[in-house]
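Structure assessment
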Amino acid sequence: MRIDVITIFPEYLTPLDLSLIGKARREGLVDLHVHDLRQWTHDRHRTVDDTPLGGGAGMVMKPAPWAAAFSGVREAGHAVLGADVEPLIVFPNPAGEPFAQSTAQEWSQCEWLVFACGRYEGIDERVYQHLADIGCEVALASLGDYVLNGGEVAVLAFTEAVVRLVPGVVGNAESLVEESHSEGLLEYPLYTRPASWTDPAGVVREAPPILLSGDHAKVAAWRQEQSVARTRERRPDLLTQTDGDVAGA
Ligand code: ADE
């Protein structure tokens, strides 16, 4: 998978060198490029923003650097992936579709993602019109119902959620099946040794005996029940989203 990120703060994306994502990059499972939008400006001040036409607060990102950036990034990607491959261009935006595990699953199937991090009040609307005119697939995605200063933090989250689903990135693929949200439910409670643990207040806390029974079918049934109960308690909205196809929901 190829991922390009366009931002005015490339340093914001340095955590993508770390941990699982950094390892995936080094192993060639993800080809990730971070670009400074200002490289596509031509004035002395490397200007990317201007005041809003019609007045109002804040600044708006100018269309020309963005159009040049998409052109440059598409050309670079085409040189590697072939001219017939087009990216999905994602604009992180609080007014976009809420990003969910299903979005991560969908995007993890893409050959090429381009994340375009807006700042200030937003990007000149004609950039979206231009991309639509040249036939680019565009998505607006929100990290949640709150406003960040820009798209970078959202892109860190999107990238981590997507890249860990790329085959080979997470060593134990089974853990992807059982984790929260993978099947529309929250994950069941987890325990490890010791089976009997005395907490700092002197209370002896036992792990559920069923987990020590060695009966895999019973353990699986218990975990499923726990997942449903936990989801009903903490995130009842998820149960109504699964169209009633969850056992015991
Ligand atoms: N940019 C600013 N706020 C955002 C949010 N909540 N999600 C995605 N991008 C954003």
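Let me sum up the structure you'll find in this document.

1. Some details on the packing of aromatic side chains
Using the criterion set out here, one finds 9 aromatic pairs in the structure. Between Phe 99 and Trp 107, the aromatic rings sit 5.3 Å apart at their centres with planes inclined by 50°, giving tilted as the arrangement. Neither Phe 99 nor Trp 107 differs from the other in exposure class; each is buried. Ring geometry for Phe 99 versus Phe 158: centroids 4.5 Å apart, planes at 35°, classification tilted. Here Phe 158 lies in helix H5 (residues 152–163) and Phe 99 lies in the loop between strand S5 (88–98) and helix H3 (101–108), a separation of 59 residues in the sequence. The residues Phe 99 and Phe 158 share a single accessibility class, namely buried.

2. A look at the sheet that holds S5
Pairing is parallel in the open sheet, where 5 strands are placed in the order S2-S1-S6-S5-S8. One side of each edge strand has no neighbouring strand; the edge strands of this open sheet are strand S2 (31–36) and strand S8 (137–142). With strand direction ignored, the average angle separating the axes of adjacent strands in the sheet is 30°. Sheet analysis places S5 next to strand S6 (residues 112–116), joined by 3 bridges and oriented parallel. Counterpart to Ile 89 in the pairing with S6 is Val 114. Across the sheet, helix H4 (residues 126–133) lies against S5 and S8, angled at about 135° from S5, the strand it touches most.

3. Digging into the site of the ligand
The ligand sits among Pro 92, Asn 93, Pro 94, Ala 141, Ser 142, Leu 143, Gly 144, Tyr 146, Val 147, Leu 148, Gly 150 and Ala 154. Note that a nitrogen atom of the ligand is positioned 3.1 Å from one of the backbone N or O atoms of Asn 93. The separation between a nitrogen atom of the ligand and a polar main-chain atom of Tyr 146 is 2.7 Å. Here the ligand, which alone exposes 260 Å², has 96% of that area covered by the protein.

4. Observations regarding the pairing of S6
By the criterion of burial, S6 is predominantly enclosed, with 5 of the 5 residues buried. Burial along S6 is two-sided: Trp 112, Val 114 and Ala 116 and Leu 113 and Phe 115, pointing in opposite directions, are all buried. Here strand S1 (residues 2–7) runs beside S6; their pairing, made up of 5 bridges, is parallel. Within S6, the residue paired with Ile 6 across the bridge is Ala 116. As for the winding sense of the linkage, the β-α-β connection from S5 through H3 to S6 is right-handed.

Calculation notes
Residues numbered from 1 in each chain as written. Predicted model: local features only at pLDDT ≥ 70, side-chain atom pairs only at ≥ 80, totals over all residues. Heavy atoms only, no water. Phe/Tyr/Trp six-rings, centres within 6.5 Å; stacked < 30°, edge-to-face > 60°. Buried < 20%, exposed > 50% of the residue type's maximum accessible area, 1.4 Å probe, protein only. Helix = DSSP H or I, 4+ residues; strand = E, 2+ residues; numbered from the N terminus. Pairing = 2+ DSSP bridges. Axes fitted to C-alpha atoms, helices over the stretch in contact; angles between N-to-C directions. Contact = heavy atoms within 4.5 Å. Near = heavy atom within 4 Å. Polar contact = N/O pair within 3.5 Å; in protein donor to acceptor, adjacent residues only side chain to side chain. Areas by Shrake-Rupley, 256 points an atom, 1.4 Å probe, with all protein chains shown as cover. Right-handed = clockwise from strand over helix to strand, strands pointing away.

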